[in-house]
Amino acid sequence: SGPSARTGDEFKGSVNMALDDIGWQIGKYNIDVVWIDSQSDPAKASQAYEQAVVQDGIQAGVLNWHSSVAVSCMEVTAKHQVPHFFGFGATEVVNETFAADPDTYGYWTSKGWPTPRKLSISYVQALEDAIASGTWSPADKTVAIYGEDTDWGRSFGTAIKEQLEEVGWTTIAEEYFAIDQTEFYPLLNKFVDLQPAVIAGTSTAAPSMSAFIKQADEVGLESLIIADGLGWFGEWYDLTGSSSNYVIDQIPGWATAEGQAYAEAFEAEQGFPPSPSAGGLSYDGANFFIAVAKATLDEYGELNSETLYQFVQEKLWTGEWTY
């Protein structure tokens, strides 16, 4: 539930498909899934995660969406020594927490996305290339930064701001908003008055990002919009329509026959299209965990929190085993 509920729907659908493929069984073990609702809230997420450990007896965790939730839940996996696999939380805070004390925080075993700085640089290169080639000629190199007020939003905003400034851009505004905000007229009218060449930012919530794009069109904002995350939900164009024309977002595509077949099967089963960034990567993440679990069982003859974590330390982190 919460502002990123649709992403949760994609996670559920893709995980169910991955487990259907193996008959919900790994060796002699039947796989029982406990769904943890983060509600896009770090405190509620960690409480729900702890409940899943204490009351439901989960022995491993898989996937997560928000950076702030990842940072919060790292404390729970460390406390209860439950290995968690393929969390999406990208913020450098996850890396820093892990690196500060791997013995404690190593239970957040593997990270599905790199830090925002490694993702945001592509936008900077695209803008600079467009100017250099004469494709785009802004009156000046001014930018306004925007984004959700979370670890992810601020990490991305800080990264792209610094990267743009390094190549001669001037930041004239920096604004962050609640992850569930859907009314942006005052903020967007401020940007209209400032007239930056570019506004650059991100949101992980479909209602927020789609409302931002549509309202930017309504108020007549003429700045080039970088909207990182617009394509993280499969129905992004249904939600934004032509308001998303000329908005820039880096979206992976279904580049292989296998990916296209998955997307078609997902839509047939779930009734809506998946995003490569949410449904696609969560399907990969679920299959990554299944492969780890199978390899753990083959290696140690038993499947539980302890053997999974032992496999992580001895095989995954050392690079001896890869997916």
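An account of the accompanying structure is given in this report. (Residues numbered from 1 in each chain as written. Predicted model: local features only at pLDDT ≥ 70, side-chain atom pairs only at ≥ 80, totals over all residues. Heavy atoms only, no water.)

Within the secondary structure, Thr 7 is located in helix H1 (residues 5-21). Other than its neighbours up to four places away in sequence, Thr 7 contacts Trp 65 and Ala 278. (Helix = DSSP H or I, 4+ residues; strand = E, 2+ residues; numbered from the N terminus. Contact = heavy atoms within 4.5 Å.)

This next bit is on the environment of Asn 16. Topologically, Asn 16 is positioned in helix H1. A relative accessible area of 26% places Asn 16 in the partly exposed class. Each C-alpha atom of the pair Asn 16 and Tyr 309 lies 24 Å from the other, and the pair is 293 residues apart in sequence. Setting aside residues no more than four positions away along its own chain, Asn 16 makes contact with Trp 24 and Trp 35. (Buried < 20%, exposed > 50% of the residue type's maximum accessible area, 1.4 Å probe, protein only.)

For the rest of this paragraph, the subject is unusual backbone geometry. One non-glycine residue, Trp 24, lies in positive phi territory at about 55°. Here the phi dihedral of Phe 86 falls at roughly 60°; this positive angle occurs in a residue that is not glycine. By secondary structure assignment, the location of Phe 86 is in the loop between strand S4 (84-85) and helix H4 (92-100).

Take the packing of aromatic side chains next. With the rule as written, the count across this model stands at 31 aromatic pairs. Pairing Phe 86 with Phe 288 gives two aromatic rings, centres 5.7 Å apart and planes at 50°, and the pair type is tilted. Pair noted here: Phe 86 is in the loop between S4 and H4 and Phe 288 is in helix H12 (residues 276-300), with a separation of 202 residues, a long-range link. For Phe 86, a relative accessible area of 15% corresponds to the buried category. The class for Phe 288 is buried, based on a relative accessible area of 8%. For the cation-ring pair, Arg 6 lies above Phe 272, with the distance from its terminal atom to the ring centre recorded as 3.8 Å. Over the ring of Tyr 176 we find Arg 154, and its NZ or CZ is 4.1 Å from the ring centre. (Phe/Tyr/Trp six-rings, centres within 6.5 Å; stacked < 30°, edge-to-face > 60°. Lys NZ or Arg CZ within 6 Å of the ring centre and 35° of its normal.)

No statement about biological role is implied by the geometric values presented.
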